[in-house]
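# Per-entry structural report
Take a look at the letters that make up each chain.
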Amino acid sequence: MTSEGPRRLHPSAAVVHALGALRELALPLLIGLVVGGSRSPASAIGWGLLGVVVALVLGILRWQGTTYRVDARSLHFRTGLLSPDETVVPLQRIHSVDESQGPIQRLFGVVALHVQTPGGGDDAEVELTAVGRADAVALRTRLGHPPAAAGAIAQRRLGLGALLVAAATAPQLGVLVPVVGAAAAMADDLLPRFGEDLLHDAQQPHEWLVAGAVLLGVALVLSFAGAIIAFSGFEVERDDERLRVRRGLLQRRAARVPVARVDGVQLVEGLLRRPFGLVTVRLEVAGLRGQAVAARTLFPLLRRRDVPAFLERFVPEVAGALEPDRRPPARARRRYLLPPLLVAGAVTAAILVAVPEAWPLALLPLPAALALALADLRAAGARLDGGLLLLRSRRGLARVTLLARRHRLQSLVTSQHPLQRRAGLAHFGVAVGSGAHLRVRHLDAAATAALRDAL
Amino acid sequence: MRPEPTQRLAGVARGYWALQGAAAGLAAFVLSEVVGDDLGDTAATLLPLAALLVLVVGVAVVPALRWRRWRWEVRDVEVDLRHGLLTEVRTIVPMSRVQHVEVQRSLLGQLFGVSTVAVHTAAGEVEIPALPEAAAALVRDRIADLAQEPDDL
C-alpha cells in the first residue's frame, strides 16, 4: 500500500480533548467560581461559561493540530498546539494496538486506539483519541495488528448479575471505613454546628451505634459503586501469547499481559464470598507491582467449581490441582488455636473489668477468635506438582490460594522459632514478582525443608 | 538436599552492632528519665531500669548471638541466607530473579570498615549485612555476574 497524506482524527476528538482541557482548568475555574460566586451567582455562571468556551476552543485547536499518517515503514503522529511534536513509531516495533471506548467515544460510535511498543510502560506510545470504526480497522490492518477477534482462543465476559454480586461482596469495605471516617471528620470541621449537634445528640451509646451504622452504610454504598465502576463490562481474552483484560464503566481500561510474564494466579475468597463458593482470580505479574488491585484482576467473580476449567482455558500454564496435599500436622493444631484464644480471653477479661455494663460485647471475642483460628487451620497447606507450587493460607479475612510457577518465584523463606524447633514445625513462605507474599504456618519442618530443596 | 550456608559475617560486626545497640539503649535511657518523672515514682525507677536492661542486652548479648547465627552463601544458582536470634529464618533467592545488587555503606559501617550487600528482586530486597568492604565488593560482583543470564522478565 502506498503512503497517504496526513489525516485528522474523528471530529469528536475535539470533545475528548475539550473535556481533558476542562479537567486541567478545573482548579483555576473552581477558584474563580468561589471568588466570583461569593459576589453574585451571575458571575459564577459567567466563570463557568468562560471555562467551557476556553476548553472547547482548546479542544478544537488540538484536534486541528493532530494528524497521523502511515507510510511503508512507520506510523507518524503529530500533535501539539504551539510546538507540534512528531512521534515516529517504526511498524516493526509496534507491540500491540488496542482499542478502548470512553463515554464520549461511545456516544459518537468511535474508538480510541492505543499503539504500544515494548518498554513503553503503562502509557501508550501513541494514543489516537477518536477514530471512526472503519478507519480503525483499516489503520490496524496497515499497522500489522488487525482486529483480534479471530486470534482469541478464549473469551469470557462478566454478566450483569455476576457484576452485581461482585459489587455487593466487594472486599474494599475495610479500606473504605477509615476514608469515610476521615470524610466525616472533615465535614465536622466544615460544619461545626452540625458536628456539635451530633456530639450533643450522641451522648447515648445507641446514638453512637446509629452513627456507626450510618458510616458503615456509606462505606457499603461507596464500595458497591466503586466495584461497579471498576468492573463494569469486564472482559478477558486469551490469544496465543497474551491475556487481554478490559474493564471500566466511565473509562474503559485495557491491560495486556504476555503470558510468558505471568508468575502465577491468586484465588481470593473473601469473607462474604467464601460461603457462596465464589472466588476472585488475580494475576501475579512482575510488571504490575504497586498497581491497584482492580488492575491485577483476571476475573472478578467465579464459582469455585468453575475455577479449574477457567484456568485451563485462560492460563493453562498455571492450571493444576487446587487442594494442598501437605497440611499442618496434628501437633500443629494447638499452635493455631491457642494464641488467638489467649488474646481473645485477655480482651474478654479486659472488657468485663473495664466496662462491666457492656458485658454482651464480651461474648464476641472468643467465638470470633475460634472461628478465625479454625479457618486458618483449615486453609493452611501447600502442594508441589511438577513446575507448579500451590500455597493456601489466610490473608486478612480472605482465604488465598497462590498458584505460582516454580521457576518464577522471587524468593523462598522458611522460619522456625524455638518452640517450633522443639515440635518439628516451621513456617513456609514465598514471594512472587508482583511483590505478593504468602506464608503457610506450622507445616512439618521436614516437609518444609523438602519443599524448599525441591524448589 | 541443599546444604546449609557456611559463610560468616565480618568479626567486627559484633562491635558494630554493639555500638548500634548502645546508641539505641542510651536513647531509651534518656527518654525513660525524661518521661518517667512525669509518670510517678514507680515508673521513675522502673523505666530507667528497663532501659538499662535493654542497653546491657543490646550491647553484651544480642550482637554476639546474632553474629553466631548469621550464615550466608552465594551459589551459582541462588543466594542462601540463614539468620535470626530466636526465630531462625532461611531465605533463598534464585539467581535468575536478581534484578540488581548494591553495596551500602553507612557512616558507622565505614568506621568499622563493613558494608551491606543488598540483593534486589522484583518482590523486594534481601541483605547480607556487615561484610568486610573488600568481601562485599567481591560478593556484589559475583552476584552481578551470575545474575547476568537474562530471563524473560
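Refer to the preceding data block for the structure.
Residues numbered from 1 in each chain as written. Chains lettered and ligands numbered in written order. Predicted model: local features only at pLDDT ≥ 70, side-chain atom pairs only at ≥ 80, totals over all residues. Heavy atoms only, no water.

### Examining the sheet that holds strand β6 (residues 124-132) of chain B
Residues and elements named next belong to chain B. The cut-off we apply is this: DSSP bridges decide pairing: two strands pair if at least two such bridges lie between them. Put simply, DSSP marks the helices as runs of H or I at least four residues long and the strands as runs of E at least two long, and each gets a number from the N terminus on. In this analysis, axes come from line fits to C-alpha atoms, helices being fitted only over the stretch in contact, and the angle between any two N-to-C directions falls in the range 0 to 180 degrees.
The strand order β4-β5-β6 describes an open sheet built from 3 strands, whose pairing is antiparallel. The sheet terminates laterally at β4 (98-104) and β6, the two strands that pair on one side only. Averaged over all adjacent pairs, the angle separating strand axes in this sheet is 20°, with direction ignored. Of the pairings in the sheet, the one linking β4 to strand β5 (residues 114-121) comprises 6 bridges and is antiparallel in character.

### Section: the side chain of D239 of chain A
Filter applied, for reference: Summary of the burial criterion: residues with accessible area below 20% of their type's maximum are buried, those above 50% are exposed, and those between are partly exposed, where the area comes from a 1.4 Å probe applied to protein chains only.
The residue D239 of chain A is located in the loop between β9 (235-238) and β10 (242-247) in this model. A relative accessible area of 14% places D239 of chain A in the buried class.

### Focus on the sheet that holds strand β5 (residues 96-100) of chain A
Residues and elements named next belong to chain A. The condition that has to hold: Only heavy atoms enter the contact rule, under which two residues are in contact if any of them lie within 4.5 Å.
Read from one edge to the other, the open sheet built from 3 strands follows the order β5-β6-β7, with strand pairing classed as antiparallel. Of all the strands in the sheet, the pair left with one neighbour each is β5 and β7 (126-132). Between one strand axis and the next, the sheet turns by 25° as a mean value, whatever way the strands run. Across 5 bridges, β5 lies against strand β6 (residues 110-116) in antiparallel orientation. The residue of β6 that forms the bridge with S96 is Q116. Sheet strands touched by helix α4 (residues 133-142): β5, β6 and β7. Its angle to β7, the strand with the most contacts, is close to 135°.

### As for a positive patch on the surface
Defined as follows: In this analysis, a patch consists of residues with relative accessible area above 30% that form no salt bridge, clustered at 9 Å for like charges and at 5 Å for the nonpolar side chains Val, Leu, Ile, Met, Phe, Trp and Tyr. Using a 1.4 Å probe, the Shrake-Rupley method yields the accessible areas, and only the shown protein chains count as cover for residues. Just to be clear on terms, a salt bridge is a Lys or Arg side-chain nitrogen sitting within 4 Å of an Asp or Glu carboxyl oxygen. Charged residues are defined here as Lys and Arg on the positive side and Asp and Glu on the negative side; His and the ends of the chain fall outside this count. By convention, the point assigned to a charge is CZ for Arg, NZ for Lys, CD for Glu and CG for Asp.
Positive charge collects at one region of the surface, where R8, R14, R68 and R69 of chain B lie side by side. Tracing the backbone through its elements, the reader meets R14 of chain B in helix α1 (residues 13-36).

### What about the interface of chain B and chain A?
Here is the rule we go by: Buried area: the accessible surface (1.4 Å probe) lost by two parts on joining, summed over both. Here a polar contact means two N or O atoms within 3.5 Å. Within protein one must be a hydrogen donor candidate and the other an acceptor candidate, and residues neighboring in sequence count only if both atoms are side-chain atoms.
Contacts between the two partners involve 20 residues from chain B and, on the opposite side, 26 residues from chain A. Considering only the side of chain B, the residues that lose the most area to chain A are R2, R97 and A123 of chain B, jointly responsible for 29% of the buried surface there. The tally of links from chain B across to chain A stands at 2 salt bridges. We note a salt bridge from D453 of chain A to R2 of chain B, for which the minimum N-O separation is 3.3 Å. Applying the counting criterion to the chain B and chain A interface returns 7 residue pairs in polar contact (both at pLDDT 80 or more). A per-element tally of the side of chain B that touches chain A places strand β3 (residues 88-94) of chain B first, with 7 residues.

### Let's talk about the environment of I94 of chain A
Structurally, I94 of chain A can be placed in the loop between β4 (85-90) and β5. When the C-alpha atoms of I94 of chain A and Q116 of chain A are compared, they prove to be 5.9 Å apart, with 22 residues separating the residues in sequence.

### Examining the packing of aromatic side chains
This is how the line gets drawn: Geometry of aromatic contacts follows a simple scheme: Phe, Tyr and Trp rings, the Trp one being its six-membered ring, pair when their centres are within 6.5 Å, and the pair is stacked under 30 degrees between planes, edge-to-face over 60, tilted otherwise. In this scheme, Lys NZ or Arg CZ marks a charge over a ring once it lies within 6 Å of the ring centre and within 35 degrees of the ring normal.
The tally for this structure, following the rule as stated, stands at 5 aromatic pairs over all chains. Here the aromatic rings of F231 of chain A and F234 of chain A are separated by 6.0 Å at their centres, their planes lie at 55°, and the arrangement is tilted. Taken as a pair, F231 of chain A and F234 of chain A share a single burial class, namely buried. Aromatic rings pair up to connect F231, F234, F299, F310 and F314 of chain A into one cluster. Over the aromatic face of W67 of chain B sits the side chain of R14 of chain B, whose NZ or CZ is 3.9 Å from the ring centroid. Cation over ring: R66 of chain B sits above W17 of chain B, and NZ or CZ is 4.1 Å from the ring centre.

### Comments concerning helix α9 (residues 307-314) of chain A
One turn of an α-helix holds 3.6 residues; hence residues three or four places apart share an orientation. This is how the line gets drawn: This arc is taken over the directions from the axis of the helix to the C-beta atoms.
By the burial criterion, the buried members of α9 of chain A are V307, F310, L311 and F314 of chain A. Burial along α9 of chain A is one-sided: seen end-on, the buried residues are contained in an arc of 95°.

### Thoughts on helix α11 (residues 365-379) of chain A
Residue and element names in this part refer to chain A. Applicable threshold: Expected span of a helix, by definition, is 1.5 Å for each gap between consecutive residues, and there is one gap fewer than residues.
An ideal rise of 1.5 Å per residue puts 21 Å on 15 residues; α11 measures up with 21 Å between its terminal C-alpha atoms. Three or more residues of α11 are buried, namely P365, A369, A373, D376, L377 and A379. The buried residues of α11 all sit within an arc of 170° when viewed along its axis, so they share a single face. Contact partners of the buried residues in α11: α10 (333-354), β15 (381-385), β16 (388-395), β17 (398-405) and β20 (437-444).

### Regarding the pattern of salt bridges
Residue and element names in this part refer to chain B. Under the defined criterion, the tally for this structure stands at 29 salt bridges over all chains. In this structure, D80 and R75 form a salt bridge, with 3.0 Å as the shortest nitrogen-oxygen distance. R75 gets classed as buried once you look at its relative accessible area, which sits at 15%. R142 serves as the salt-bridge partner of D76, at 3.0 Å between the closest nitrogen and oxygen. Here R142 lies in helix α4 (residues 133-146) and D76 lies in the loop between β1 (71-74) and β2 (78-83), a separation of 66 residues in the sequence. Residue classification places D76 among the exposed positions, given a relative accessible area of 52%.

### Quick look at a nonpolar patch on the surface
Taken together, the side chains of W47, L50, V53, V54, V57, L58, L61, L81 and L82 of chain A define a hydrophobic patch exposed on the protein surface, amounting to about 810 Å² of accessible area. Counting through the fold element by element, L50 of chain A comes out in helix α2 (residues 41-65).

### Here's the deal with the packing of α1 of chain B against helix α2 (residues 41-69) of chain B
Each pair of packed helices gets described by two things: the angle between the helix axes and the distance between those axes. Residue and element names in this part refer to chain B. Quick reminder of the rule: Our angle categories are set so that under 35 degrees counts as roughly parallel, over 145 as roughly antiparallel, 65 to 115 as roughly perpendicular, and the remainder as oblique. Here the term charged refers only to Asp, Glu, Lys and Arg, the term nonpolar to Ala, Val, Leu, Ile, Met, Phe, Trp, Tyr, Cys and Pro, and the term polar to all other amino acids, Gly among them.
At a minimum axis distance of 8 Å, the contact between α1 and α2 shows a crossing angle of 170°. Relative to α2, α1 is oriented roughly antiparallel. For the contact of α1 with α2, the residue count by class is 18 nonpolar, 5 polar and 3 charged.

Just geometry here; none of it tells us what the structure is for.
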